[in-house]
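Listed below, chain by chain, are the residues.
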Amino acid sequence: MSDYIVLVKQVPDVSQITDNAFDPESGTLIRTRLASVINELDAQALAFANYMKTKSGDADAGIIALTMGPPMAEEVLRYTLSRCAHKVVLLTDRALGGADTVATANPLAFAVRKIVREILKNDKDYFVISGMQSVDGDTAQVPPQMAEELGLPCIAYVTDAEFKGDRFEFTRIISGGSQVVASKTMPVVVTVAKYEYPLFATFAATRWANQTELITWSSEDIKATHIGVKGSKTSVIRVFPPGKSTRKCRQLDGPAALAKAIMESFKSGNGESDTGADAQARGYVLPAKRADLLDRIFEATAKEQDDYELLSAKLRELGITDIDKIDEAARQKILSAAGDRFHKKTLDDMLSGYKLTEPAFKGEVWVVAEHSAGVVHPATFELTGKARDLADSLETKVGVCLAGYKVEQMAKELIAAGADNVYVIEDKLLEVFDPKAYRKAVADAVAKFWPQIVLYAATPQGRMLAPMVSYSVECGLTADCTGLDIKDSSRKGDIGLLLQTRPALGGNVMATIRTKNSRSQMATARPGVMKRIEPDESRKGKVVRHKVELTDDDISLEIVKTELGSGEVNFNADVIVSGGKGMQSRDNYERLVGDLCAGLGKALDAQVEAGASRAAVEQGFTERVHQVGQTGTSIGPKLYVALGISGAIQHMIGVANTETIVAVNSDPNAPIFKQCDYYVVGTVEDTVPKLIQKLQSG
């Protein structure tokens, strides 16, 4: 009999975010101004656990819901009780507050151990089920980091399960397709990417849920090793609203107006291309190489820059060039000039900061390569280009960690793309990606060579591997970065830090994060945001062969079946036309998307390619190779036309670099209308033929 421990989380309702939800002074989100709801993917995970229980035919299997949060988080547990949970555990303690993913995964893992001991009576036949990610963090790091702490296999991005014989086989999303896998051992952690069959509460179940006593534990009860702020490996140094979108979000009154807007925007290129904060990293110079040691223009925050600007100006005015020769009279003059800007302790810290010239972290800048069927993933080349930029600023080298089987021939292409050293880990057991085996291989290489920065692509594989490696080597990790920037925090004693900027809360806020208490700074970066540099075949580099001892015990999953998208797709085309679930059928998709591709190609004299949302692919409208989005392919055409696509954040992430986005949807409240340039409210069946006609007539 398998039991199910379901992780749930209470999150702010990001659909209700308005400008007054932010503190105007700090730019931080005021969570009390938003309603709290269960994280949608966790609600799906709960329903998925109930589905698994039903599939197994075991009516006696238990479902236990676990959450970590403030006392008010009991609401989310009562939600689970009213649906299908039998017992619930609330892990709550002020000491747990302010935690990053490490200091969240660690206490939850210790709570799972306590559940197993005290409720499951040490029965090891259980599943830990979780939503893929939470809407407030969007990191997808906690479940794999929990699995690493517990020493369990982790199956991520699951969309379905079948009970065959005496085991479950799970369908999961992988880069470029899907895969059916089974865990070789129990227990196992499963993260749910999609399950669209919600549970509903009955009146009787709701009454019972409200009367049921919760099991409540504190940090003392679980004895976790990483608690709250002190146990965290990263810290947020700034939270701020995203810049106002320059997307026009203009509703047009029909196909004729839409045809005109498409023609005009394609010619003028007047849409928005979101390249993130990547360009900000260019130009960093280490303090020792600056013309003036008093130059501190690369401080991490605007306030720190302003304070140093004032201090440097005063020191120059006083003719002071040797920090050690500042006497008490000079200190008083500086403090008088600073007024309320800073006081004596801050001044002492800032003066000490002038003496710092060496980076806080040492080593190379690494990229963990992703590849399939002998081909390097495009995101790896994007990251190698970014790593080249970061490494040049820090005056160090670029390394690429390349794990697999018969992969050394890829090294030449990686060196041409900017790598100085390629660290090759070859083993027959690495022929196919297995999270546990790859984690062991990459973590072993990191722990031997200790690069100061390690970058991974935020693909399904990268978002699985990075949390496991980072937790294994006890380093911080930031997910889904759109900006990677080298800055100083001189007054806090740190030079040459990697500042990692990423969206959160469904893109409603931006956060800048730094790594702490770690030997390496790690981040995943969104494909399509960083820019690949022009290959240079004349570049010379070094191949470093690194041996890691692997056995069959290091393989955690049995791969039953792999399905990759077939056919060739040109996502470098000027125009991409994508169909979504709103296309209703494969027939509609092929006819309407195909006809519009042909019509736009002729009208604009441009290359046009067909794309699709994940929902359209899973409905069988087209092959997975056409999938656009975070779990498909990230694109950046001049024109993107979305037909019957709602505009989920995972999809919009993948098209963010598009110049002009056009949408057609029958739902007047479709989220995509707030993230596009032009849109028409209407069915695709009615709108697309008329749009083609108007394009043809000029």
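Worth saying up front: this structure is predicted, and the values here are computed from it rather than measured.

A. Structural detail: the packing of helix α8 (residues 302-317) against helix α9 (residues 328-338). Two elements in contact, α8 and α9, have axes whose closest approach is 10 Å; the angle formed by their N-to-C orientations is 135 degrees. Judged by the angle between their axes, α8 and α9 are oblique. When the axes of α8 and α9 are compared, the crossing they make is right-handed. Here L310, L311, K314 and L315 of α8 lie close against α9, whose contacting residues are K333, I334, A337 and A338. Looking at side-chain class alone, the contact of α8 with α9 contains 6 nonpolar, no polar and 2 charged residues.

B. Expanded view of the pattern of salt bridges. The final tally for this structure, using the stated rule, is 38 salt bridges. Measuring nitrogen to oxygen at the nearest pair gives 3.1 Å for the salt bridge that ties D136 to K9. Here the residue D136 occupies a position in the loop between β6 (126-131) and α4 (142-150), and K9 occupies one in the loop between β1 (3-7) and β2 (10-12), the gap between them amounting to 127 residues. You can call K9 partly exposed: its relative accessible area is 31%. Salt bridges here are not isolated pairs; linked through shared partners, they connect K164, R167, E169 and E558.

C. Main features of the side chain of R388. Tracing the backbone shows R388 in helix α11 (residues 378-394). On the accessibility criterion, R388 (14% relative accessible area) is buried. From its side chain, R388 meets the backbone oxygen of G418 in a polar contact 2.8 Å long. With residues near it in sequence (within four places) discarded, R388 still touches T396, V398, G418, D420, I533 and R539.

D. Summary view of unusual backbone geometry. A cis amide bond links M186 with the next residue in sequence, P187, at an omega value of -5 degrees. The topology assignment puts P187 in the loop between β9 (177-183) and β10 (188-192). The phi dihedral of Y157 falls on the positive side, at around 60 degrees, and the residue is not glycine. Looking at the element boundaries, Y157 is found in strand β7 (residues 154-164). Even without a glycine there, the phi angle at Q584 is positive, about 75 degrees.

E. Structural context of the pairing of strand β22 (residues 494-504). The buried fraction of β22 amounts to 11 of the 11 residues, a majority that puts the element mostly inside the structure. As defined by bridge partners, strand β21 (residues 483-489) adjoins β22 across 6 bridges and the pair is classed as antiparallel. Of the residues in β22, the one forming a bridge with G483 is T501. Once β21 ends, the chain turns through 4 residues before running back antiparallel as β22, passing G493 with a positive phi of about 85 degrees.

F. Molecular detail of the sheet that holds strand β17 (residues 398-404). Within the open sheet, the 7 strands sit side by side as β20-β24-β19-β14-β17-β18-β25. Their pairing is parallel. Of all the strands in the sheet, just β20 (476-481) and β25 (542-545) have a single pairing partner and so form its edges. Neighbour to neighbour, the strand axes of the sheet diverge by 25 degrees on average, direction disregarded. Pairing geometry for strand β14 (residues 365-368) and β17, over 4 bridges, is parallel. From the neighbouring strand, W366 faces β17, where its bridge partner is G399. Taken strand by strand, α11 contacts β14, β17, β19 (453-457) and β24 (521-525), and its axis lies near 175 degrees from that of β14. Helix α14 (residues 460-472) rests against β14, β19, β20 and β24 of the sheet, and its axis sits at about 165 degrees to β20.

G. Local environment of the sheet that holds strand β30 (residues 660-665). Pairing is parallel in the open sheet, where 6 strands are placed in the order β13-β31-β30-β29-β27-β28. At either end of the open sheet lies a strand with only one pairing partner, and these are β13 (250-251) and β28 (608-612). In the sheet, β13 pairs with strand β31 (residues 678-681) via 2 bridges, with the strands oriented parallel. Each residue of the ladder has a partner; that of Q251, found in β31, is Y679. Contacts from helix α15 (residues 586-604) reach β27 (575-579), β28 and β29 (639-643), with the element oriented near 150 degrees to β28.

H. Representation of the domain arrangement of the protein within the structure. Annotation of the protein at the domain level lists domain 1 (3-232), domain 2 (250-274 + 566-696), domain 3 (287-354) and domain 4 (365-561). For domain 2 and domain 3, the distance between their C-alpha centroids amounts to 54 Å.

Criteria and thresholds
Residues numbered from 1 in each chain as written. Predicted model: local features only at pLDDT ≥ 70, side-chain atom pairs only at ≥ 80, totals over all residues. Heavy atoms only, no water. Axes fitted to C-alpha atoms, helices over the stretch in contact; angles between N-to-C directions. Helix = DSSP H or I, 4+ residues; strand = E, 2+ residues; numbered from the N terminus. Parallel < 35°, antiparallel > 145°, perpendicular 65-115°, else oblique. Left-handed = near helix turned anticlockwise from the far one by under 90°. Contact = heavy atoms within 4.5 Å. Nonpolar A, V, L, I, M, F, W, Y, C, P; charged D, E, K, R; others polar. Salt bridge = Lys/Arg side-chain N within 4 Å of Asp/Glu carboxyl O. Buried < 20%, exposed > 50% of the residue type's maximum accessible area, 1.4 Å probe, protein only. Polar contact = N/O pair within 3.5 Å; in protein donor to acceptor, adjacent residues only side chain to side chain. Pairing = 2+ DSSP bridges. Domains from an automatic or database assignment.

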